[in-house]
Amino acid sequence: MDLSTAISLSKTLSLLSPISPSSSSLPPFSLSRRCHHLRRCNLSRSFCLPPAVQLSTSREDDGDEMVEIGGSEFEEEVDYAEDEDTLDVDSLEREAQLVVREFSDSLSRQLIIEEERSSPKEAQVKEKRRKNTTSKNIPDHLLPKVAIVGRPNVGKSALFNRLVGGKKAIVVDEPGVTRDRLYGRSYWGNYEFMVVDTGGVLTISKSQTDLAEELAVSTTIGMEGIPLATREAAVARMPTMIEKQATVAVEESSVIIFLVDGQAGLNAADVEIADWLRKHYSDKCIILAVNKCESPRKGITQASEFWSLGFDPFPISALSGTGTGELLDLVCAGIEKVEGTEYLEEENYVPAIAIVGRPNVGKSSILNALVGEDRTIVSPVSGTTRDAIDTEFTGPDGQKFRLIDTAGIRKKTAVASSGSIPEALSVNQAFRAIRRSDVVALVIEAMACITEQDCKIAERIEREGKGCLIVVNKWDTIPNKNQETTVFYEEDVRRKVRSLSWAPIVYSTAIAGHSVEKIIVSAAAVEKERSRRLTTAILNQVVREAVAFKAPPRTRGGKRGRVYYSTQAAIRPPTFVFFVNDAKLFPETYRRYMEKQLRTSAGFAGTPIRLLWRSRRKMEKSAGKGPSTTMQDNFTGIEKSLAVPA
């Protein structure tokens, strides 16, 4: 090599060498990587955003793409169409809706509640009755009411389910299952009305042993810490409480269905109830329905025995539906049709708040304190509440809610070992209440704090995607409270219930009415957060900053996850879809990090958020399609990669 050639080569190498004096400490780059590094530095100076937030790409002639996320670069083999420089946002939004539907269907299959489903025929009949009725969006409390009363185990709940067209009330061939008032909306022709199911009326004096057997109550289960005298007194008061609930239902109703058992025949309790109705409510429309008359011929004979009660007996069968159409005609003849259009402005969407928890934590007391009346029976007897009790409620700011009181949820093993069919059905009703609610108030007892069963209920709430607040009831039982007590208590709750780390905590004493209004205020705030939607621009900005602060980890092969696009595809709960190069490159730790960053930057207190990760297929070039393919082809596949942060 001559001298001129050597000088020329030296000048060429000097031009390619780094300008910075400290560049000697950098690792040696390949030519393509070093050129990309220089371009990255120039791009960082040309944009207003700081270099760590920039997302820059460069294409090499060999088809390799150099990608920088959060200030670090990696190479990935990706085939791109030459004319595709921007993402098809509309296609991605449609794909996000598809991902959410698939995830929702999959989750519903996993959370199947073990209960008897309504037959398709019953569902069709109910839908047909709804369509044939001209709905005026009349609030429940303005509709005429029809009460079903009678002694225990005559089929009141079965008739209630028949009239409302579902399985809302628990039906078991045992007396004393229904205790509280249960409301349901019914349709018949052009009439709408509320049907009220009541507990069996016991007017005959009985011993405490007979009462416990008649009402299927226990003085031991869930009452270990209560003195025996208190247990027996609570059982003795139970008939009076049930009768009080039935009396309220009769007084507020314009039509009374007096139900008797046609197979058992006339009973002394039937005579006393008939005298009570005739003496105090003769001004109301009273219909004597003789139940369990499946055979029309035998039904007439069975019903003839009840003429002595002073009402015209009408044979029906709540189980098969025989005679219920004629019964509804009689009911509609005794009620007034609600006319007018002044109720059309009522809001269709009313948030539902389910009050759930273990037995004897004060759920019914909270409901009664909120509505300001004895809506449900409050007793130390474990399992007092059986059905899910719906109650309309208007908050201090005028917002309407539907409160749902539920039965106490015990462990599956405890319910199975007790052999109580009503309790098992009550637990299913509680789970159904969680599913049809918007916000769940998880009630815990202050002295017991968080138990294992509370954690399981919390996990169910989170999986159902419901907003939640933790209500620490019986706060007055904590001795020697000071300013630090609440702080330490909250830390203990957060540590034990990690699945609800985002849920607000409210402290109350329902029996005295202290701080119960905070439950509604907190629930309203949670519902607003659950219904909030982020704009795509803000969401992608938050994601870019999160990725810039902490990039996805590399695999052993040197690959790193890349987020192409993110969007909020649904609310209630807020659901976000991330379109990425490969969902497997985002481990659970990084997904939890992304969820934390979303909560820190955008809020969403009191509600779970769903993060669904969608893998992007590499574009396949075929001779028929040519180099250009649609964005829909990029994101469709037989198997969808869905994941939710733990």
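What you are looking at is a predicted structure, and each value in this text was computed from that prediction instead of being measured.

(A) How the structure looks around the overall build of the protein chain. Counting secondary structure elements, the protein chain contains 19 helices and 18 strands. Residues counted as buried form 48% of the 646 residues belonging to the protein chain. At a minimum sequence separation of 6, the contacts of the protein chain that also span at least 24 residues come to 73%.

(B) Representation of the sheet that holds strand β5 (residues 182-188). Pairing is mixed across the open sheet formed by six strands, whose spatial order is β5-β6-β4-β7-β8-β9. Across the chains shown, the open sheet's two edge strands, defined by having one partner strand only, are β5 and β9 (313-315). Averaged over all pairs of adjacent strands, the angle between their axes in this sheet comes to 30°, without regard to strand direction.

(C) Region of interest: the pairing of strand β14 (residues 467-473). β14 sits mainly inside the fold: seven of its seven residues count as buried. As defined by bridge partners, strand β13 (residues 439-445) adjoins β14 across seven bridges and the pair is classed as parallel. Across the sheet, residue isoleucine 444 finds its bridge partner in β14, namely valine 472. The β-α-β motif built from β13, the intervening helix α14 (residues 452-464) and the parallel element β14 has right-handed crossover chirality. Judged from the three bridges that link them, β14 and strand β15 (residues 505-507) form a sheet pairing that is parallel. Paired with valine 472 across the strands is tyrosine 507, a residue of β15.

(D) Examining the sheet that holds strand β18 (residues 610-615) more closely. Spatially, β16-β17-β18 is the arrangement adopted by the three strands of the open sheet, whose pairing is mixed. Edge positions in the sheet fall to β16 (563-570) and β18, since each of these pairs with one other strand and no more. Taken pair by pair, the neighbouring strands of this sheet meet at an average axis angle of 20°, ignoring direction. Note that strand β17 (residues 575-580) and β18 share six bridges and pair parallel. Directly across from phenylalanine 578, in β18, lies its bridge partner tryptophan 613. Each of β16 and β17 touches helix α17 (residues 536-549); the most contacted strand, β16, lies at about 135° to it.

(E) α17, seen in detail. Between its terminal C-alpha atoms α17 stretches 20 Å, which fits the 20 Å expected from 14 residues at 1.5 Å a residue. Within α17, burial applies to Leu539, Asn540, Val542, Val543, Ala546, Val547 and Ala548.

(F) A look at the side chain of serine 566. Along the polypeptide, serine 566 turns up in strand β16. Take serine 566: its relative accessible area is 0%, and that puts it in the buried class.

(G) Representation of the pairing of strand β6 (residues 191-197). For β6, a buried count of six out of seven residues is recorded, marking the element as mostly surrounded by other parts of the structure. Bridge count between strand β4 (residues 145-149) and β6: four bridges; the pairing is parallel. When the sheet's bridge partners are listed, isoleucine 148 is paired in β6 with aspartate 197. Both β5 and β6 contribute to a ladder of seven bridges, which runs antiparallel. Bridge assignment links tyrosine 183 to a residue of β6, and that residue is valine 196. A loop of two residues connects β5 with β6, the two strands running antiparallel in sequence, and glycine 189 in this loop sits at a positive phi of about 65°.

(H) Quick peek at the environment of alanine 605. For alanine 605, the position within the fold is in the loop between α18 (588-602) and β18. Exposure remark for alanine 605: the relative accessible area of 48% places this residue in the partly exposed category. For the pair formed by alanine 605 and glutamate 529, sequence separation is 76 residues and the distance between their alpha carbons is 6.5 Å. Excluding residues within four positions of it along the chain, alanine 605 makes contact with Trp502, Val526 and Glu529.

(I) Quick peek at unusual backbone geometry. Cis geometry is adopted by the peptide bond preceding proline 573, which originates at arginine 572 and carries an omega value of 0°. Locating proline 573 in the fold gives a position in the loop between β16 and β17. With a phi angle near 60°, lysine 474 is a residue other than glycine that sits in the positive phi range. Counting through the fold element by element, lysine 474 comes out in the loop between β14 and α15 (483-496). What makes lysine 474 partly exposed here is its relative accessible area of 26%. Phi is positive for asparagine 480, close to 55°, though the residue is something other than glycine. Assignment of secondary structure puts asparagine 480 in the loop between β14 and α15.

(J) Here's a closer look at the pattern of salt bridges. Scanning the model with the defined rule gives 22 salt bridges in all. With its nearest N and O atoms 3.1 Å apart, the salt bridge here joins lysine 292 to aspartate 261. Placement of the pair is lysine 292 in the loop between β8 (285-291) and α9 (296-304) and aspartate 261 in strand β7 (residues 255-261), with a sequence separation of 31 residues. Looking at aspartate 261, the relative accessible area reads 7%, which means it is buried. For aspartate 492, the salt bridge identified is with arginine 495, shortest N-O distance 2.4 Å.

(K) Quick look at the nonpolar core. Membership of the largest hydrophobic core comes to 34 residues, with the highest contact counts inside it found for Val356, Leu442, Ile461, Val472, Tyr489 and Leu500. Elements represented by at least two residues in this core include exactly β10 (352-357), α13 (421-435), β13, α14, β14, α15 and β15. A per-element tally of this core places α13 first, with five residues. Ignoring sequence-local partners within four residues, the contact set of leucine 442 consists of Val356, Gly357, Asp454, Ile457, Ala458, Ile461, Cys468, Leu469, Ile470, Val471 and Leu500. Core analysis: the next-biggest nonpolar cluster, separate from the first, contains 23 residues, Leu159, Val195, Val255 and Val331 among them.

(L) View of the packing of α13 against α14. Packing of α13 against α14 brings their axes to within 10 Å, and their N-to-C directions diverge by 40°. Put simply, α13 runs oblique to α14. Considering the relative orientation of α13 and α14, their crossing is right-handed. Contacts between α13 and α14 involve Phe431, Ile434 and Arg435 on the former and, on the latter, Arg460, Ile461 and Glu464. A per-class count over the contact of α13 with α14 returns three nonpolar, no polar and three charged.

Rules and cut-offs
- Residue positions within a chain follow its written sequence, with the count starting from 1.
- Note on the predicted model: pLDDT of at least 70 is required for a residue's local features to be given, and 80 or more for side-chain atom pairs to be given and counted; whole-chain, interface and lining totals, by contrast, use all residues.
- Side-chain figures throughout are based on the complete set of non-hydrogen atoms in the structure, without hydrogens or water.
- Helix and strand definitions here come from DSSP, where helices need a minimum of 4 consecutive H or I residues and strands a minimum of 2 consecutive E residues; each element is numbered from the N-terminal end.
- Categorising residues by exposure relies on relative accessible area from a 1.4 Å probe, with only protein chains included: less than 20% of the type maximum marks a residue as buried, more than 50% marks it as exposed, and the intermediate range marks it as partly exposed.
- Here, residues are in contact when the closest pair of their heavy atoms is within 4.5 Å.
- When DSSP finds two or more bridges between a pair of strands, those strands are recorded as paired.
- Whenever a helix is involved, its axis is fitted only over the stretch in contact; in every case the axis is a line through C-alpha atoms, and angles between N-to-C directions fall within 0 to 180 degrees.
- When the strands point away from the viewer and the connection leading from the first strand across the helix to the second strand turns clockwise, the crossover is called right-handed.
- By definition here, a helix of n residues has an expected span of 1.5 Å times n minus one.
- Basic side-chain nitrogens of Lys or Arg form a salt bridge, by our definition, when they fall within 4 Å of a carboxyl oxygen of Asp or Glu.
- Remark: nonpolar core denotes a set of buried residues (Ala, Val, Leu, Ile, Met, Phe, Trp, Tyr, Cys) joined through side-chain atoms within 4.5 Å.
- Note on terminology: angles under 35 degrees are roughly parallel, angles over 145 are roughly antiparallel, angles of 65 to 115 are roughly perpendicular, and the others are oblique.
- Crossing handedness is read from the near helix: turned anticlockwise from the far helix by less than a right angle, it gives a left-handed crossing, and turned clockwise, a right-handed one.
- Three residue categories are used. Nonpolar comprises Ala, Val, Leu, Ile, Met, Phe, Trp, Tyr, Cys and Pro, charged comprises Asp, Glu, Lys and Arg, and polar comprises the others, including Gly.

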